[in-house]
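# Chain and residue survey
Given next are the chains, with one letter for each unit.
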Amino acid sequence: MSLVPLAEKIRPKSIDQVYGQDHIVGKNGIVSDILASERPFSVIFWGPPGSGKTTLARIIANRVNVEFVELSAVSATKKDIMKVIDDAKINQRLGQQTVLFVDEIHRFNKSQQDAFLPYVENGIISLIGATTENPSFEVISPLLSRSKVIVLEPIDEKNMIKILKRASSSIPDKSITLQNLKLISKLSSGDARMALSTLEIASNISKGKQIEQSDIERASQTRLPSYDKHGDKHFDTISAFIKSMRGSDANATLYYLARMLRAGEDPKFIARRMIIFASEDIGIAASPALNLAVSTFQAVERIGMPECQYNLFHCAIVLAKAKKSRAVTDAMNKALSIASEYPNLKIPLTLRNAPTKLMKDLGYNKDYKWQAEYCPKGGFLPEEISGLNLFD
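One numbering rule holds for all chains: residues counted from 1, following each sequence as written. Restriction of local features to residues with pLDDT of at least 70 applies here, the model being predicted, together with a cutoff of 80 or more for giving and counting side-chain atom pairs; totals for whole chains, interfaces and linings are based on all residues. Based on all heavy atoms of the structure, the side-chain values leave hydrogens and waters out of the count.

Two strands are said to pair when DSSP picks up at least two bridges between them. To qualify as a helix, a DSSP run of H or I must reach at least 4 residues; to qualify as a strand, a run of E must reach at least 2; elements of each kind are numbered from the N terminus. As defined by bridge partners, strand 2 (residues 67-72) adjoins strand 3 (residues 98-103) across six bridges and the pair is classed as parallel. Paired with F68 across the bridge in strand 3 is V99. Orient the strands so they point away from the viewer; a crossover is then right-handed if the path from the first strand over the helix to the second runs clockwise. Tracing the backbone out of strand 2, into helix 5 (residues 78-93) and back to the parallel element strand 3 gives a crossover that is right-handed.

Take a look at the structure:
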């Protein structure tokens, strides 16, 4: 029995074995360009856990034929850093380039990061950093300015399934359905390491039989909800979520929100629904709710799961507790109905645009005054609906 974890056993050794991150490993990707040039330079890989940061660093080092040294910022000290630098100086005299890979570089303090700076500058080392945190805030500016930041994305379902299929061939006498591969992918939230760990543990639990959903549940310590993003449960749950907010029941609102997120619902879908709700059900009773809902959607886009859950729950609580008003919805529906019934009524001449002399001679824009709250004689509406009131 091998003691090497499955994730390490199948770690890609070359760029053609990498699934996902096509924007950087594809034909015109920055990593592809580095490999083609066979010359290392300092880069910082910024991406979520299990997105391939360490894998890409090792592939670069192997391809460009350098001395590759790994440190973890969790345990390495400044003394460890200086030993690498001293060895790199010797390598340089021997004509050998040194690439130092620092995992979780954001955990190094300013003093530790400063220690790299002169040696990155004079080429004694090329630095490859890996971080899950925004390097703009976690890496010192001088080091950041001398490095190329490469952004990695969570592994999408299509590529995660490719990774899992490749891994399943390394598990002897085991089989797993595509449906269950999709379940593992969903549970992993784009983290390939987590997905492979779940597959490996589920394989051990199954004891030689086909890997079932119950094995995956035990392996991930997660009870998989019965939920289909395109089926009745999807529509029933979002409906309950909306109705709970409308009824100002924050407890029910948060329960249904949590159910959707645990089931793998797209957080952007939920955020979009809250934007609609902010105008449809709250509207002028608390207009800032719309700003919060839009900001929440932007946060979901920029941050992603799982951290954007804070923003979703924040917004859901506020929307549930806010005063409700159907004034916007009722006025909108009335306006649309009137516009459908009277689609071609003549716009009063005073309100019409007059870009030419002929239009002015015909009375377009006549007597209109450019001032706040000015109301022309006869009002703003066509004569036939001059008494229209959409807010009663």
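That covers the picture; the talk isn't over yet.
Moving on, we get to the sheet that holds strand 3. Strand order in this open sheet of five strands is 2-3-4-1-5, and the pairing throughout is parallel. Every interior strand has two partners, whereas the edge strands, strand 2 and strand 5 (148-151), have only one. The mean inter-strand angle of the sheet, taken between neighbouring strand axes irrespective of direction, is 20°. Contacting strand 2, strand 3 and strand 4 (125-131), helix 5 runs over the sheet at an angle of about 175° to strand 2. Along the sheet, helix 6 (residues 110-121) contacts strand 3 and strand 4; its crossing angle with strand 4, the most-contacted strand, is approximately 135°. For helices, the axis comes from a line fit to the C-alpha atoms of the stretch in contact; other axes are also lines fit to C-alpha atoms, and the angle between any two N-to-C directions lies between 0 and 180 degrees. Two residues qualify as a contact provided that any one of their heavy atoms is within 4.5 Å of a heavy atom in the partner residue.

Here we take up the environment of Y374. Following the sequence through the fold, Y374 ends up in the segment after helix 19 (357-361). If we ignore the near neighbours within four places in the chain, the residues touching Y374 are D367, Y368, K369 and F380.

This part covers the nonpolar core. By size, the foremost hydrophobic cluster in this structure holds 27 residues, and its most contacted members are F241, M245, L257, I270, M274, L312 and L319. Of all the secondary structure elements, the ones that give two or more residues to this core are helix 13 (232-246), helix 14 (250-262), helix 15 (267-282), helix 16 (288-303) and helix 17 (309-321). Per-element tally for this core: the top contributor is helix 15, with seven residues. For L312, the contacting residues outside a window of four places in its chain are L257, L261, P267, I270, A271, M274, T296 and V300. Buried Ala, Val, Leu, Ile, Met, Phe, Trp, Tyr and Cys residues that are joined via side-chain atoms within 4.5 Å together make up what is termed a nonpolar core. Burial classes follow relative accessibility: with a 1.4 Å probe on protein chains only, a residue under 20% of its type's maximum area counts as buried, one over 50% as exposed, and anything between as partly exposed.

When a carboxyl oxygen of Asp or Glu is within 4 Å of a side-chain nitrogen of Lys or Arg, the pair counts as a salt bridge. Here the structure, examined in full by the defined rule, presents 12 salt bridges. Its salt-bridge partner being E104, residue R107 comes within 2.8 Å of it at the nearest N-O pair. Exposure remark for E104: the relative accessible area of 25% places this residue in the partly exposed category. A salt bridge links K110 to D114; the nearest nitrogen and oxygen atoms lie 3.1 Å apart. Placement of both K110 and D114 in helix 6 is noted, with a separation of four residues, approximately one turn of the helix.

Now for the side chain of N91. If you trace the backbone, N91 turns up in helix 5. Relative accessible area serves as the criterion here: at 15%, N91 is assigned to the buried category. Ignoring any residue separated from it by four or fewer positions in sequence, one finds N91 in contact with E67, Q96 and T98.

Before going further, it helps to spend a moment on the pairing of strand 1 (residues 43-46). For strand 1 and strand 4, the ladder comprises four bridges, and the chain directions are parallel. In the strand pairing of strand 4, F45 is matched with A130. Two elements, strand 1 and strand 5, share four bridges in a ladder whose sense is parallel. Within strand 5, the residue paired with F45 across the bridge is I150.

Here the expected length of a helix is defined as 1.5 Å per residue gap, with one fewer gap than residues. Helix length check: helix 14, at 13 residues, gives a terminal C-alpha distance of 18 Å against a target of 18 Å (1.5 Å per residue), a fit within 8%. For helix 14, every residue scored as buried is listed here: A250, A252, T253, L257, M260 and L261. Here the buried residues of helix 14 occupy an arc of 165° about the axis, which is enough to place them on one side. Opposite the buried face of helix 14, at more than 90 degrees from it, the exposed residues are N251 and R262. For the purposes of these results, a polar contact is taken to be a pair of N or O atoms within 3.5 Å, where, inside protein, one atom must be able to donate a hydrogen and its partner to accept one; residues adjacent in sequence count only when each atom of the pair is a side-chain atom. You can read the cap of helix 14 off the contacts: a side-chain oxygen lies 3.2 Å from the backbone nitrogen of N251, and it is on D249. Trailing helix 14 by a residue or two, G264 shows a phi angle of about 95°, which is positive. The arc in question is formed by the directions pointing from the helix axis toward the C-beta atoms.

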